[in-house]
Amino acid sequence: MLRLDKLVKTYKTGDQALKAVELEVPEGQVLALIGPSGAGKSTLIRCINRLVEPTSGKVYLGDVELTDLSSGALRRERRRMGMIFQEYALVERLTVMENVLSGRLGYVGFWRSFLRRFPQTDVDEAFRLLDRVGLAHMADKRADELSGGQRQRVGICRALIQNPALLLVDEPTASLDPKTSRQIMRLICELCKERGLAAIINIHDVALAQMFVQRVIGLRFGAIEFDGPPEGLTSDVLTTIYGEEDWEATIETVDEDEDDVLEAAV
Amino acid sequence: MSELHTLIGKKWKKPPFIQRTWLRWTLLLGFVAYLVAAFMTIDVNWSRVYEGLERGKQFVLAFTNPDFTSRSGDIWEGMIESIIMTVASSVVGIAISIPIALGAARNVAPLPVYLICRAIIAVSRALQEIIVAILLVAIFGFGPLAGFLTLSFATIGFLSKLLAEDIESMDKVQAEAIKASGAKWTQWINYGVQPQVMPRLIGLSLYRVDINFRESAILGLVGAGGIGATLNTAFDRYEYDTAAAILLIIIVIVMTLEYLSGIIRARVQ
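Presented here is an overview of the structure given in this document. What you see is a predicted model, and the numbers here were worked out from it, not measured in a lab.

What counts, and where the lines are drawn
- Residues numbered from 1 in each chain as written.
- Chains lettered and ligands numbered in written order.
- Predicted model: local features only at pLDDT ≥ 70, side-chain atom pairs only at ≥ 80, totals over all residues.
- Contact = placed C-beta atoms within 7 Å.
- Helix = DSSP H or I, 4+ residues; strand = E, 2+ residues; numbered from the N terminus.
- Nonpolar A, V, L, I, M, F, W, Y, C, P; charged D, E, K, R; others polar.
- Core = buried A, V, L, I, M, F, W, Y, C linked by C-beta atoms within 7 Å.
- Buried ≥ 20, exposed ≤ 12 C-beta atoms within 10 Å, placed from the backbone.
- Axes fitted to C-alpha atoms, helices over the stretch in contact; angles between N-to-C directions.
- Parallel < 35°, antiparallel > 145°, perpendicular 65-115°, else oblique.
- Left-handed = near helix turned anticlockwise from the far one by under 90°.
- Pairing = 2+ DSSP bridges.

Of the residues lining the interface, 19 residues belong to chain B; the matching set on chain A comes to 22 residues. The set of elements that each furnish at least two residues to the side of chain B that touches chain A consists of helix H8 (172-180) and helix H9 (185-219) of chain B. For the side of chain B that touches chain A, the leading source of residues is H9 of chain B, giving 8 residues. By residue class, the composition of the side of chain B that touches chain A is 8 nonpolar, 8 polar and 3 charged.

Shown next as structure tokens:
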């Protein structure tokens, strides 16, 4: 479904963020991208929808090759890739509804969007999505009135209303508390399953990644060091990705049920 | 450990801005010497100042007894003209400023557009209002048309520059998120950029209305219409009481504008 072929990104400063990355993601697979800060995780997902222009290599989304597209064709392809951001990246002075509907900008003309007269089907879908994440009553609140977890839910709605085939998720839980982090990760993974979406999730928290995904990619200095199921993340593997550290506590699998009991108690 | 030992008990001082001691002191002493020399060149004719004090006193005392009535027709006419000039030039100037500001923001516009828009701003800012007004009065003749054009021109330099700077310092990620959804450039501006800079645009616009009104009082001095012409005539005739009345009206209007803009700005945050 998504295929990266020798993807290279060298920044103007000479830093090589990605070194000939090869990656194939099948339909409906949710994978986590882990690695230390500066490993190129963010660059990798931004090269896919070309928020960052790759230096060389190819990106195939289905049959379409993305790196050669004209700006108009790129816009059309971006509609198939929903993106969820670190720190939410909601437009703070717009309402929740406007933020969600901004996911439809690729489908509607300028005047419609300028006058905020979106097709009724889009508005209905926005309400459905907001209801799904439990925020339907917040539609007319301004985005900056929401809490972190709520904002990220709106961010998820904005990505999903694009009706994408692929989700690009950049550190969705950074700056969220541990409980909210789990809820957000669970929500993303559930929604991907419901809709059969593939997703690439950049994430710092290794334990959290192990809890929710089917496949983990370890990135170090712009190259893939590990590709396998979450159980394959042994302390040796983590040492290759991150460097020497005591990993036993990190990879200890958390019992989900126990976690829920704890949540209920709180 | 031994290194720490040498540091303990030592006085700590912020490192000086200029590292070299001799350079630091040369610059400082040079500046003081220049300042003293500069003050010594100011030539004050004290007897002239003494004579002038009387006229100054009359002018100040006129404020205790302003004359709104004897020239009320002229004042009214000038004031209406000034207000029309202010509103018209602000609307036109702001409307032209917005596209130029977008063009002058490096993170929104491509390089050629950026350079052209920055050049327009530089020209508009380099030419002082009075100079532009003198030129335009020469072209279009005496009257408010020249004043209106001058203020519109000045508004472009002011507003475009400050708005462009606000656009350049906006939160990149919010705009990026809109771009990632497949939005067109115009939609990207409308959803990703405009909400971020709107409070600043409104604040600057209101401030510029205020400036345009004050400038319209000055431009009359060079024949570009407005209340300034009436004020100038009053001074020429030594009618300080009428001049005081005009100045008081200007002050009240400016303060009202300031008050209103404060309320509006607080509401659009």
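Counting residues in hydrophobic clusters, the biggest one holds 114 residues, and the most contacted among them are Val100, Cys157, Ala199 and Ile201 of chain A. Sort the elements by how many residues they give to this core and helix H7 (residues 144-168) of chain B lands first, with 11 residues. Ignoring anything within four residues of it in the chain, the contact list for Ile201 of chain A reads Val30, Ala32, Leu33, Val169, Pro172, Ile188 and Val213 of chain A.

Let us look at the packing of H7 of chain B against H9 of chain B. All names here are of chain B. Running from N to C, H7 and H9 point in directions that differ by 150°, and their axes come no closer than 9 Å. On the basis of their axis angle, the class for H7 and H9 is roughly antiparallel. Where H7 crosses over H9, the two elements pack in a sense that is right-handed. Here Gly147, Thr150, Leu151, Thr155, Phe158, Leu159, Leu162, Leu163, Asp166 and Ile167 of H7 come into contact with H9, specifically with Val193, Val197, Arg200, Leu201, Leu204, Ser205, Arg208, Asn212, Glu215, Ser216 and Leu219. Of the residues assigned to the contact of H7 with H9, the class counts are 11 nonpolar, 6 polar and 4 charged.

Residue and element names in this part refer to chain A. Reading across the sheet, the 4 strands line up as S2-S1-S4-S5 and stay open at both edges, with antiparallel pairing between neighbours. Where the open sheet ends on each side, the last strands, each with one partner, are strand S2 (16-25) and strand S5 (64-65). The pairing of strand S1 (residues 2-10) with strand S4 (residues 56-61) spans 5 bridges and is classified as antiparallel. Opposite Leu4, over in S4, you have Val59 as the bridge partner. Here helix H1 (residues 41-48) sits on the sheet and contacts S1, S2 and S4; the angle it forms with S2, its principal contact strand, is near 60°.

Residues and elements named next belong to chain B. At their nearest, the axes of H8 and H9 sit 9 Å apart, and the two run at 165° to each other. As judged from the angle between their axes, H8 and H9 are roughly antiparallel. Where H8 crosses over H9, the handedness of that crossing is right-handed. Taken together, the residues of H9 that come into contact with H8 (itself represented by Gln174, Ala175, Ile178 and Lys179) are Trp188, Tyr191, Gly192, Val193 and Gln196.

It is worth spelling out unusual backbone geometry at this point. Residues and elements named next belong to chain A. One non-glycine residue, Tyr88, lies in positive phi territory at about 65°. The residue Tyr88 is located in the loop between strand S6 (81-84) and helix H3 (96-101) in this model. Residue Tyr88 is classed as buried on the basis of its C-beta count, with 27 C-beta atoms lying within 10 Å. Backbone geometry at Ser175 places phi at a positive 65°, although glycine is not the residue there. Mapped onto the fold, Ser175 is located in the loop between strand S7 (166-170) and helix H7 (178-195).

Distances and angles like these do not, on their own, reveal function.
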